[in-house]
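Survey of secondary and tertiary structure
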Amino acid sequence: MFALVDVNNMYVSCERVFKPSLIGRPVVVLSSNDGACIARSNEAKDLGVKMAQPWFEVRHLERSAGLIAQSANFELYGDMSSRMMALAAQYAPRQEIYSIDECFLDFEGVRGDLIDTGRHLRAAVLQCTGLPTSVGFGPTKTLAKLANHVAKTEDRKPGTYPAHVARVCDFGCMSQSQLDDILRRTDVGSVWGVGRKTTARLNEGSIRTVLDLVNADVATLRRQFNVLLEKTVFELRGTSCLDVDDAPAPNQQIMASRSFGEPATDITALSEIVSGFTTRVAAKLRAQHSLAAAVRVFITTSPHRRQDAQHSPSITMPLVRPTSDTRALIAAALSALERMFRPGHNYVKAGVMLVDLCDEGQAQGELDLFAEPVGPSALSTEAGARATAANARLMNAVDALNLKFGLGAVGVASGLQRAQGAQRHASRQERRSPRYTTRLEEIATVRA
């Protein structure tokens, strides 16, 4: 038996933990540049605010309906997610963290009433983190995710399903007729992996509910769609095709990218931004014990500013040998930037991607005939090994200090005006709440 634990309206719920005055009010969380609504409370959804809707289109609701907007606070959300996941992991032998607000649990071999277990889990998360969750149980991962959808929907819109499935729903304890009734009430587009285009095509074939999909001919679906939809149908019928991945494979690419608060027009500012992105992805690379064989960098102007000259280049810089050393990665990224940059352009976005990743234990060195006779490559094998180990210890020390004192506490000096470049072109976050759980200087203050 599987469970899917999901935080309701994750970003908004994190904001409400430290601002109880937001509870019951329409709230949206804006993207990193305060441009679009990336999370909505139920009250905001009821006002008609759509996911990813530009903020300027709904800003009038501040005055007319009391809509409240918060800038995204991803550092807070990530830390709150880690706390929630740690609590949920205590209830089952295996856990797969699916996203920042969702995780699968495998309850194979766990005894006891799952409904009681789900309620206890939900209460523990609410008490220890303040985050409201929904829990869905099913004999397959697809059914568990659908059960979670049912639990969440009935909690938000009472009467959509039987009242007893609100917040915690277990398909495993239902009779076939009870399960069929719920599947009949559920739109086929609510199934995990069935997107809008697939939903439209299924509707054209008179498959409108989940029960219609369950009763459809599998061979026909495979011919008309693909094997993934066939597996989805088997999962909905109770045949497990997907296992809990409690040891997910390392990322094959790691990227940091964002838009700027104001356009960057000089290479000094762009160099600071690109260096910051590279530092961030290098830390993630080391966290998954990988090395990168190439660095891809892109910069772009805004296609919406038609009065501006347009320029959106990208370059992939191969490295002599795979590395996770921030210094080497920054050097490659800045070399790419120097080749791409053109004066007189208003760049509004940049990004750095590490590609061709490999496990740090599988890296293979090679002879560089054209390298300058300096550094570890010019040393003896033994001396080179010592230098490599010293570089690894240095990077680990940097990661440890940044973990303890906050991101950016220790970095690579590039000879540029770090504060000027970083602050002037930082994303607009005029409404960001404090990072209560990760920054000591921003910890919540309680007054009696």
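Bear in mind the structure is a predicted one, so any value in this text is a computation, not a measurement.

**A short note on the overall build of the chain**
Check the secondary structure of the chain and you find 16 helices and twelve strands. Taken across its 448 residues, the chain has 44% of its residues classed as buried. Accessible surface, the chain as shown: approximately 23,300 Å² in total, 52% of it carbon and sulfur.

**As for the nonpolar core**
Judged by nonpolar contacts, the single largest core of 35 residues is most densely connected at Met84, Leu105, Phe107 and Leu131. Elements with a minimum of two residues in this core: β1 (2-7), α1 (10-18), β2 (27-30), α5 (74-88), β6 (102-106), α6 (114-129) and β7 (133-138). It is α5 that contributes the most residues to this core, seven residues altogether. One finds Ile254, Val281, Ala292 and Leu354 within the second-largest nonpolar core, a separate group that totals 32 residues.

**A closer look at the environment of glutamine 310**
Following the sequence through the fold, glutamine 310 ends up in the loop between β10 (290-301) and β11 (314-323). Under the relative-accessibility criterion, glutamine 310 is labelled partly exposed at 40%. As a C-alpha pair, glutamine 310 and tyrosine 347 span 37 residues in sequence and 8.9 Å in three-dimensional space. Those residues in contact with glutamine 310, other than ones at most four positions away along the chain, are Thr301, Ser302, Pro303, Arg305 and His345. Looking at glutamine 310, its side chain comes within polar contact range of the side chain of threonine 301, at 3.0 Å.

**Topic: the confidence of the model for the chain**
Scored by pLDDT, the chain has a mean of 87; 88% of the residues are at 70 or more. Segment residues 370-379: pLDDT under 50, and six contacts once partners within four positions in sequence are set aside and those in other chains are kept. Scored below 50 in pLDDT, residues 415-421 shows nine contacts in the model against residues more than four places distant or in partner chains.

**What about the sheet that holds β6?**
A sheet is described by the order of its strands in space; here five strands give the open sequence β5-β6-β1-β7-β8, paired in mixed fashion. The open sheet has two edge strands with one neighbour each: β5 (94-99) and β8 (168-170). Shown here is a sheet whose adjacent strand axes are inclined to one another by a mean of 15°, direction ignored. Sheet topology places β1 next to β6; five bridges connect them, and they run antiparallel. In the sheet register, valine 5 faces β6, and the bridge partner there is cysteine 103.

**Some remarks on helix α7 (residues 141-156)**
Since there are 3.6 residues in each turn of an α-helix, residues three or four apart along the chain are aligned in direction. Here α7 is 16 residues long and its end C-alpha atoms lie 23 Å apart, about the 22 Å a rise of 1.5 Å per residue gives. Buried within α7 are the following residues: Lys141, Thr142, Leu143, Ala144, Lys145, Leu146, Ala147, Asn148, Val150, Ala151, Thr153 and Glu154.

**A look at the pattern of salt bridges**
Within this structure, the stated rule accounts for 20 salt bridges. Linking glutamate 230 and arginine 222 is a salt bridge whose minimum nitrogen-to-oxygen distance equals 3.2 Å. The class of arginine 222 is partly exposed, set by a relative accessible area of 46%. For aspartate 325, the salt bridge identified is with arginine 327, shortest N-O distance 2.7 Å.

**Details of the packing of aromatic side chains**
Here the structure, examined in full by the defined rule, presents nine aromatic pairs. For the ring pair tyrosine 11 and tyrosine 77, a centre distance of 4.5 Å and an interplane angle of 10° mean the geometry is stacked. In this pair, tyrosine 11 is assigned in helix α1 and tyrosine 77 in helix α5, connecting sequence segments 66 residues apart. Exposure class is identical for tyrosine 11 and tyrosine 77. Each is buried. With centroids separated by 5.3 Å and ring planes inclined at 35°, the aromatic side chains of phenylalanine 104 and tryptophan 192 adopt a geometry described as tilted. Here phenylalanine 104 is found in strand β6, whereas its partner tryptophan 192 is found in the loop between α8 (176-185) and α9 (196-204), with 88 residues between them in sequence. Put simply, the rings of Tyr11, Phe74 and Tyr77 pair up and form one aromatic cluster. Directly above the aromatic system of phenylalanine 104 lies the positively charged group of lysine 141, at a separation of 4.6 Å from the ring centroid.

**Quick look at the sheet that holds strand β12 (residues 347-359)**
Read from one edge to the other, the open sheet built from four strands follows the order β9-β12-β10-β11, with strand pairing classed as antiparallel. One side of each edge strand has no neighbouring strand; the edge strands of this open sheet are β9 (254-264) and β11. For this sheet, the mean angle separating the axes of adjacent strands, direction not counted, is 15°. Bridge analysis of β10 against β12 gives eleven bridges, and the strand direction is antiparallel. Residue pairing in the sheet places valine 295 in a bridge with leucine 354 of β12.

**Let's talk about the pairing of β12**
In this structure, β9 lies alongside β12, joined through seven bridges in antiparallel fashion. Directly across from alanine 256, in β12, lies its bridge partner valine 352.

About the criteria used
All residue numbers refer to position in the chain's written sequence, counted from 1. Thresholds applied to this predicted model are a pLDDT of at least 70 for local features of residues and 80 or more for the giving and counting of side-chain atom pairs; totals over whole chains, interfaces and linings are not thresholded and use all residues. Side-chain measures here rest on the full set of heavy atoms in the structure, leaving out hydrogens and waters. Secondary structure elements are taken from DSSP: a helix is a run of H or I of four residues or more, a strand is a run of E of two residues or more, and numbering for both begins at the N terminus. Think of it in three bands: with a 1.4 Å probe and only protein chains considered, a residue is buried below 20% of the maximum accessible area for its type, exposed above 50%, and partly exposed in between. The protein chains shown are the only cover counted for residues, whose accessible areas, like all others here, come from Shrake-Rupley with a 1.4 Å probe. Buried residues of nine kinds, namely Ala, Val, Leu, Ile, Met, Phe, Trp, Tyr and Cys, make up a nonpolar core once their side-chain atoms join them within 4.5 Å. Only heavy atoms matter for contacts: two residues are in contact if any of them lie within 4.5 Å across the pair. Here a polar contact means two N or O atoms within 3.5 Å. Within protein one must be a hydrogen donor candidate and the other an acceptor candidate, and residues neighboring in sequence count only if both atoms are side-chain atoms. The quantity called pLDDT is the predictor's confidence in a given residue, expressed from 0 to 100. Each pair of strands is called paired provided DSSP finds at least two bridges between the two strands. Axis definition: a line fit to C-alpha positions, over the contact stretch in the case of helices; interaxial angles, taken between N-to-C directions, run 0 to 180 degrees. Residue count minus one, scaled by 1.5 Å, sets the expected span of a helix. Each salt bridge in this description consists of a side-chain nitrogen of Lys or Arg and a carboxyl oxygen of Asp or Glu lying within 4 Å of one another. Between rings of Phe, Tyr and Trp, where Trp is taken as its six-membered ring, a pair exists when centres lie within 6.5 Å; planes separated by under 30 degrees are stacked, by over 60 edge-to-face, and by other angles tilted. Criterion for a charge above a ring: Lys NZ or Arg CZ within 6 Å of the ring centre, and within 35 degrees of the ring normal.

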